[in-house]
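Observations on chain architecture
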2 protein chains.
Amino acid sequence: MPLESTIARRAARLSGPLHPDGGDAISFDSGYAFPGIFPDLTAQAQRVLTNYRSESLQYGAPFGLPELREWISRYLQTDGADVSFDEVLVVNGAKRGLELICKLFVEDGDAVVVTAPTYFTAIPILRSFGLTFLEVTQDGEGLDIDALARALERRQRQGLKPPKFIYDIPDFHNPTGITMSRRRREALLALASSAGIPIVEDSPYRRLRFEGVAEPSLKALDREGIVFALGTFSKLLAPGLRIGWISAPHAMLARMAQLKSDGGTCPLTQRIVLEFLKDGLLEDHIELARRTYATHRDRMVEALRRELPQAAFVAPHGGYYLWLKFPPGTDTSALAARAYDAGVSVIAGAAFFASDEADSIKGRGLAQGYMRVAYSRATPQEIDEGVKLLATCYRGMN
Amino acid sequence: MPLESTIARRAARLSGPLHPDGGDAISFDSGYAFPGIFPDLTAQAQRVLTNYRSESLQYGAPFGLPELREWISRYLQTDGADVSFDEVLVVNGAKRGLELICKLFVEDGDAVVVTAPTYFTAIPILRSFGLTFLEVTQDGEGLDIDALARALERRQRQGLKPPKFIYDIPDFHNPTGITMSRRRREALLALASSAGIPIVEDSPYRRLRFEGVAEPSLKALDREGIVFALGTFSKLLAPGLRIGWISAPHAMLARMAQLKSDGGTCPLTQRIVLEFLKDGLLEDHIELARRTYATHRDRMVEALRRELPQAAFVAPHGGYYLWLKFPPGTDTSALAARAYDAGVSVIAGAAFFASDEADSIKGRGLAQGYMRVAYSRATPQEIDEGVKLLATCYRGMN
């Protein structure tokens, strides 16, 4: 059957892991929310399904509920970005936003700039559009702009098209936890502008800052409309609602709205979010999330220093993750498999490196010593237990 | 900016209309549900957000809630299709299912078989993957299998690849209302099987039969696993929940699940649907929908015969739509524009024909005399008023 060959080709692009399901294991793997802080949305749902029944059970408008788009534009304005109502498109989660951006822009043979490592779920989405990866490393200030400039020049010398866009997570990067410095942000925007390459700023964790002062978002620094900002209520409120957004110039969004195949993002959950926002409950909820995840981070940092001092890391000032670096020679994929059998699920570093090319970081085996552990979902007690299990597995390999 | 040229090329594929928004007009345009029969889901939502809070507000599993997949497989079994639990993938609406099928199968240069006319929202989805269209007409028994066979042979003689799949709506076809006869279904399956071409059976209206006896679904007649069945709760329950499914061999679904960029279809609305089903409320609701839409159909049929006898149609035995054929020379696009200004929104026939090629039905101008009017959303009184307005506009053009 001719179909089989297509599928085989297509499946070959999908080496990224499925969203992992740890079963009964202690979960340090996915970027799940801590269930203990899920808000009580019964009053909002009751109101929506009574007062807004005709709206919330009907097909929704492609751009999203106008009131929600208004709220999101004000939210981004408060964060320093000059975003109007018509520059907000509501989507079924930020990942769906990334997919719509790809669907609008990408053609076969295109490349995308990603950090190495990058968000592991973004990799199969980008790969499913046939994108090749231009990987750039980070240091403590974020993406290495000089390295990016050199890579772009090299590409130009080779007669290759410029990459279609730059994908980055400048706040509490997934998986590294790094927040890009202000001067690095400005340098990235200047380089992207001069090279004519848009930036996709994926920023789910921005409000989950435990200490220190936020840098301006790339969107807020953008004067030329080259930043496509992806946002989500998954980390602000709850992932199960599946409400995210793209902020970009209206003409781009109008085309993306046409490409949405979902008959309008769920109007029921949009309205539930909106009622929660109008009830003025979001800021308190974010404060609760911040306090909770700060406690989880501290607990995991302490447990790792106590139980597994061989794992080096820089404690992040927000977000969900620690990015561990093990001593040379440690096979973290083997360690992750052992840990899973022992009852704690983690994600080995290799999954976060996009390119399998021989000259890539992953291809040269340099991704092997890393591991991402999420402190978001587990309880503090599970964090202690899980780190202990991980440490036991590590010792068993040495 | 190199981006602009990509977007221009991409946008050129999107000549299909946006989901129309009729504003204050009487709405005969979209396949919206009648708001008067939306169920009260407050009890289910209350229960879900209390008893299943951790599940419904967290990320969901890529395949969907296991209990919901179980229910859907039993539902399809009751309908004669031998579908197991692992042959059901929950998706964010049937259109998203069609997109995932394209995403898995389609390569540049591929063609798809569609009826002429076909579901107008499917056209931009298919087109966005670069598919070209092989259009086949229908008669009172559905898709013309002999014409399809000839078209496939012609393609083969020309050295072209076979189409990637056949897309059809065999029950209460959108827009024609035609239900495919049993022998035609068997002939379609035999032809598709011998040609090695899968069938995508999109069947949202199947249970909305007002009279007569259902034909077996293509999925029920399929012995070789070549039918991908798209289903949805949009027409069974409410569109705003955005819950649909694909039923297909598990190996195919596993790959589609990897391509879902939505972090799992909304677990909150999935669980609300499931609670409604477990409360045993679906059959009564479908019965109410059937009675309601039968009344709407009758009302529109009577109004058209009374006010606009120039519009010929075959009254369908179910579904949402009447497909009107006006006398030769009628420009239904101009009529639709006039009608919109007068306060009733309809969709001119041209939108339902996929191909703009000179030798296509649309290209030869044969689509011009048609119009789709939906009787689903408007009240009976609005149906009377809307048909009167449409008739006045028609007379004003002649």
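Here the structure is a predicted model, which is why all the values come from computation and not from measurement. Per chain, residues are indexed from 1 in the order of the written sequence. Ligands are numbered from 1 and chains lettered from A, in the order in which they are written. In view of the model being predicted, local features appear only for residues whose pLDDT reaches at least 70, and side-chain atom pairs are presented and counted only at 80 or more, with totals across whole chains, interfaces and linings using the full set of residues.

**Re the overall build of chain A**
Secondary structure counts use DSSP, requiring at least four H or I residues in a row for a helix and at least two E residues in a row for a strand, with both numbered from the N terminus. Along chain A, the regular secondary structure elements total 14 helices and 14 strands. C-alpha atoms define the radius of gyration in this analysis, and the globule rule sets the expected value at 2.2 Å times the number of residues to the power 0.38. Against the compact-globule benchmark of 21 Å for 398 residues, chain A has a radius of gyration of 21 Å, which places it among compact chains. Counting only C-alpha atoms, chain A reaches 60 × 55 × 55 Å along its principal axes. Residues counted as buried form 55% of the 398 residues belonging to chain A. Once C-beta atoms are placed from the backbone, each residue is buried if 20 or more other C-beta atoms lie within 10 Å of its own, exposed if 12 or fewer, and partly exposed for counts between those two.

**Points about the relation of the copies chain B and chain A**
Here chain B sits on chain A after a turn of 180° about the axis and a move of 0.0 Å along it, with an RMSD of 0.0 Å. With respect to symmetry, the two chain copies, as superposed, fit the operation of a two-fold axis. We call two residues in contact whenever the C-beta atoms placed from their backbones are within 7 Å. Take the interface residues of chain B: 98% of them recur as interface residues in chain A, which is what a same-surface contact looks like. Only residues with pLDDT of at least 70 in both copies contribute their C-alpha atoms to the least-squares superposition of the copies.

**Re the sheet that holds strand β14 (residues 370–374) of chain B**
Residue and element names in this part refer to chain B. As summarised here, the arrangement of the three strands in space is β11-β14-β13, forming an open sheet in which the pairing is antiparallel. In the strand order of this sheet, the two ends are held by β11 (321–325) and β13 (347–348), each with one partner. Relative to β14, β13 is paired through two bridges, and the arrangement is antiparallel. Bridge pairing links Ile347 to Arg372 in β14. By the convention used here, strands pair only if DSSP detects at least 2 bridges between them.

**A few points about helix α8 (residues 182–195) of chain B**
Given 3.6 residues per turn, any residue in an α-helix points the same way as the ones three and four places further on. Residue and element names in this part refer to chain B. Of all the residues in α8, the buried ones are Arg184, Arg185, Leu188 and Ala192. With its buried residues spanning 105° around the axis, α8 presents them on a single face. Those residues of α8 that are exposed and angled more than 90 degrees off the buried face are Arg182, Arg183, Ala190 and Ser194. Tucked inside the fold, the buried residues of α8 contact β6 (142–143), α7 (145–157), β7 (165–168), β8 (199–202) and α9 (218–221). Remark: Gly196 follows α8 within two positions and exhibits a positive phi of approximately 70°. Comment: arc refers to directions from the helix axis out to C-beta atoms.

**Focus on the packing of helix α13 (residues 332–342) of chain A against helix α14 (residues 380–397) of chain A**
Residue and element names in this part refer to chain A. The angle between two axes is taken between their N-to-C directions and runs from 0 to 180 degrees, where each axis is a line fitted to C-alpha atoms and a helix contributes only its stretch in contact. Where α13 contacts α14, the axes come no closer than 9 Å and their chain directions differ by 130°. Taken together, the axes of α13 and α14 are oblique relative to one another. In this structure, α13 crosses over α14, and the sense of that crossing is right-handed. Contacts between α13 and α14 involve Ala334, Leu335, Arg338, Ala339 and Ala342 on the former and, on the latter, Leu389, Leu390, Thr392, Cys393, Tyr394, Gly396 and Met397. All residues other than Ala, Val, Leu, Ile, Met, Phe, Trp, Tyr, Cys, Pro, Asp, Glu, Lys and Arg, Gly among them, are scored as polar; the first ten of these are nonpolar and the last four charged. Each residue belonging to the contact of α13 with α14 can be placed in one class, and the counts come to nine nonpolar, two polar and one charged. Relative orientations are named as follows: roughly parallel for angles under 35 degrees, roughly antiparallel for angles over 145 degrees, roughly perpendicular for angles from 65 to 115 degrees, and oblique for any other angle. In this scheme the handedness of a crossing depends on how the near helix is turned from the far one: anticlockwise by less than a right angle means left-handed, clockwise means right-handed.

**So, the sheet that holds strand β8 (residues 199–202) of chain A**
Hydrogen bonds between backbone groups are what pair the strands of a sheet, and the pairing can be parallel or antiparallel. Residues and elements named next belong to chain A. Taken together, the seven strands give an open sheet; going across it, the order is β2-β10-β9-β8-β7-β3-β4, and neighbouring strands pair in mixed fashion. Strand pairing shows two members of the sheet lacking a second neighbour, β2 (88–91) and β4 (132–136), which therefore form its edges. Neighbour-to-neighbour, the strand axes of the sheet open up by a mean angle of 20°, direction not taken into account.

Limitation: the analysis is restricted to geometry and does not speak to function.
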